[in-house]
Amino acid sequence: MSHTLDDPAPAPGARQAQKLRTRQALLDGALRLLAEQSLSSLGLREVTRAVGVAPTAFYRHFRDTADLGVALVDEALGSLHTTLVATLAATGDGEERIAAAVELIVAYVRAYPAHARFIARERHGGVRRVREAIGAQLALFAREVAAQFAREPEAAGWSEDDLLMLARLYVDHMVMTASALLETADTEPVADTARRQLRLVGLGRRHWLDTPPSTNP
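Calculation criteria
Residue positions are given per chain, counted from 1 along the sequence in the order it is written. Local features in this predicted model are restricted to residues whose pLDDT is 70 or higher, and side-chain atom pairs enter the listing and the counts only when it is 80 or higher, whereas totals over whole chains, interfaces and linings include all residues. Side-chain numbers here rest on the full set of heavy atoms in the structure, without hydrogens or water. Ring pairs shown here join Phe, Tyr and Trp side chains whose ring centres sit within 6.5 Å, with only the six-membered ring taken for Trp; geometry is labelled stacked below 30 degrees between planes, edge-to-face above 60, and tilted in between. Put simply, DSSP marks the helices as runs of H or I at least four residues long and the strands as runs of E at least two long, and each gets a number from the N terminus on. In this scheme, a residue with accessible area under 20% of its type's maximum is buried, one over 50% is exposed, and one in between is partly exposed, where area comes from a 1.4 Å probe on protein chains only. Axes here mean lines fitted to C-alpha atoms, for a helix over just the part in contact, with angles spanning 0 to 180 degrees between N-to-C directions. By definition in this entry, angles of less than 35 degrees are roughly parallel, angles greater than 145 are roughly antiparallel, angles of 65 to 115 are roughly perpendicular, and the rest are oblique. Contacts are residue-level and defined by heavy atoms, with any inter-residue pair within 4.5 Å sufficient. Note on residue classes: Ala, Val, Leu, Ile, Met, Phe, Trp, Tyr, Cys and Pro are nonpolar, Asp, Glu, Lys and Arg are charged, and everything else, Gly too, is polar. Patch definition: residues with relative accessible area over 30% and no salt bridge; like charges joined within 9 Å; nonpolar side chains (Val, Leu, Ile, Met, Phe, Trp, Tyr) joined within 5 Å. Values of accessible area rely on a 1.4 Å probe in the Shrake-Rupley scheme; residue burial ignores everything except the protein chains shown. Between Lys or Arg on one side and Asp or Glu on the other, a salt bridge is scored when a side-chain nitrogen of the former is within 4 Å of a carboxyl oxygen of the latter.

A short note on the packing of aromatic side chains
Taken as a whole and assessed by the stated rule, the structure comprises five aromatic pairs. When the centroid spacing of 5.2 Å and the interplanar angle of 65 degrees are considered together, the rings of Phe-149 and Tyr-170 count as edge-to-face. With Phe-149 in helix H8 (residues 128-150) and Tyr-170 in helix H9 (residues 160-182), this pair connects stretches of sequence that are 21 residues apart. The pair formed by Phe-149 and Tyr-170 is uniform in burial state, with each residue classed as buried. Following the ring pairs from residue to residue traces out a cluster consisting of Phe-58, Tyr-59 and Phe-62.

Here is the structure:
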């Protein structure tokens, strides 16, 4: 006998697997709908209708659409933490790091355009809990990047605040580049601009601790 997503499964293991499938189906269905609208305009009945489950099934997984949005933030950004820090750690400072960082962003947008568009739209969207979740993820990225920078010889003499400021520049640049990539089919001009911008940041980093020239006559 076949089962729908709402049907109880015959064994605890199967029930848990079915619950996970339903939850993922709700996330995937919402993400498809969010390609054309903001989260603040999305209704839970719209999501459950798209997935083919009863509205009551939604509440077994999420309290409301804001809760679903927070789960989408985790899905979109959670797996990037290890990859981003590993990329920075493996490439050091200079052109190799710049190329690898930009390629990481390009590859992410190519592989997960719906997730990238969701983050770009909802970062300043109308659902406060989702904005806060995105802000928390980006702040965590910045702290992780700053911690990686602190391990490098180039960080000698830098304060923690300045390292965090530098890390935030990298994270903001990542988000800005992803947003620009979403708006074009020709990624190379965007990638080239992104590399040049990071090159400029790198130049500033190398000279940040230079003693400013005296203004006295």
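On we go from here.
Examining the packing of helix H1 (residues 12-33) against helix H4 (residues 65-77)
Packing of H1 against H4 leaves a shortest axis separation of 10 Å and a crossing angle of 90 degrees. With respect to their mutual orientation, H1 and H4 come out roughly perpendicular. Contact residues: Arg-23, Gln-24, Leu-26, Leu-27, Ala-30 and Leu-31 in H1; Leu-68, Ala-71, Leu-72 and Glu-75 in H4. Classifying every residue of the contact of H1 with H4 by side-chain character gives seven nonpolar, one polar and two charged.

Describing a nonpolar patch on the surface
Taken together, the side chains of Met-165, Trp-208 and Leu-209 make up a nonpolar region of the molecular surface, amounting to roughly 300 Å² of accessible area. You can see Trp-208 is positioned in the segment after helix H10 (187-207). According to the relative accessible area criterion, Trp-208 is partly exposed, its value standing at 44%.

Some thoughts on the pattern of salt bridges
Scanning all chains against the criterion turns up 10 salt bridges. For Glu-183, the salt bridge is made with Arg-117, and the minimal N-O distance between the two is 3.7 Å. Pair noted here: Glu-183 is in the loop between H9 and H10 and Arg-117 is in helix H7 (residues 113-122), with a separation of 66 residues, a long-range link. Note that Arg-128 is salt-bridged to Glu-132, the shortest N-O span being 2.9 Å. Residue Arg-128 and its partner Glu-132 are both found in helix H8; the two are separated by four residues, about one turn of the helix. With a relative accessible area of 45%, Glu-132 lands in the partly exposed category. Connected via shared salt-bridge partners are Arg-63, Asp-64, Asp-67 and Arg-129.

Keep in mind that these numbers describe shape and distance, not what the molecule does.
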